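Read off the chains here:
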Amino acid sequence: MMTPKQIIEHRARLYTEGNGGGIYDLYAENSELKRFFPDIESFCGRFAEMTAESTHAGLNIVKEKQKGKFAEVSFIEYFSKDGKILSFFSKSRLVFEDGRWRILREEREVSIK
């Protein structure tokens, strides 16, 4: 079983591979992402559009906190777009459900320099 930190690292690998279906599966059933994209096909279509414009350029986990069946992972994520590296400070909140950690909610702050 992957830890919350490993889930975020795995999501970054899936992004690099262009595996939208794999990413979709990392989210909890009642997550914001699955409320916005109620089926895998709609998410994969949007994911393909997003990844056509940028590539994943790295990940730095800052902090991981766990309390019971909830966890929060803070990290800096890097993307390459139009020859520039963009960095974002992000937080993912995860929930332990069905025997594994799944992403429930995410916050992404503006690009940091």
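Residues numbered from 1 in each chain as written. Predicted model: local features only at pLDDT ≥ 70, side-chain atom pairs only at ≥ 80, totals over all residues. Heavy atoms only, no water.

Caption draft 1: Representation of the pattern of salt bridges within the structure. Under the criterion given, the structure shown has 15 salt bridges. The partner of D98 in a salt bridge is R102, with the nearest N and O atoms 4.0 Å apart. On the accessibility criterion, D98 (69% relative accessible area) is exposed. Here R102 falls in the buried class, since its relative accessible area comes to 5%. One continuous salt-bridge network, built from bridges that share partners, spans D25, E29, K34, E97, D98, R100 and R102. (Salt bridge = Lys/Arg side-chain N within 4 Å of Asp/Glu carboxyl O. Buried < 20%, exposed > 50% of the residue type's maximum accessible area, 1.4 Å probe, protein only.)

Caption draft 2: Molecular detail of unusual backbone geometry. Although it is not a glycine, D82 adopts a positive phi angle of roughly 55 degrees. A positive phi angle, near 55 degrees, is found at D98, a position not held by glycine. With respect to the secondary-structure elements, D98 resides in the loop between strand 3 (84-97) and strand 4 (100-111). (Helix = DSSP H or I, 4+ residues; strand = E, 2+ residues; numbered from the N terminus.)

Caption draft 3: Region of the structure containing the packing of aromatic side chains. Per the counting criterion, the structure on display carries eight aromatic pairs. Summarising the aromatic geometry, the rings of F37 and F43 are spaced 5.5 Å apart at their centres and angled 75 degrees between planes, so their arrangement reads as edge-to-face. Residue F37 is classed as buried on the basis of its relative accessible area of 15%. Among the aromatic residues, those joined into a cluster by ring pairs are Y15, Y24, F36, F37, F43, F47, F79 and F88. (Phe/Tyr/Trp six-rings, centres within 6.5 Å; stacked < 30°, edge-to-face > 60°.)

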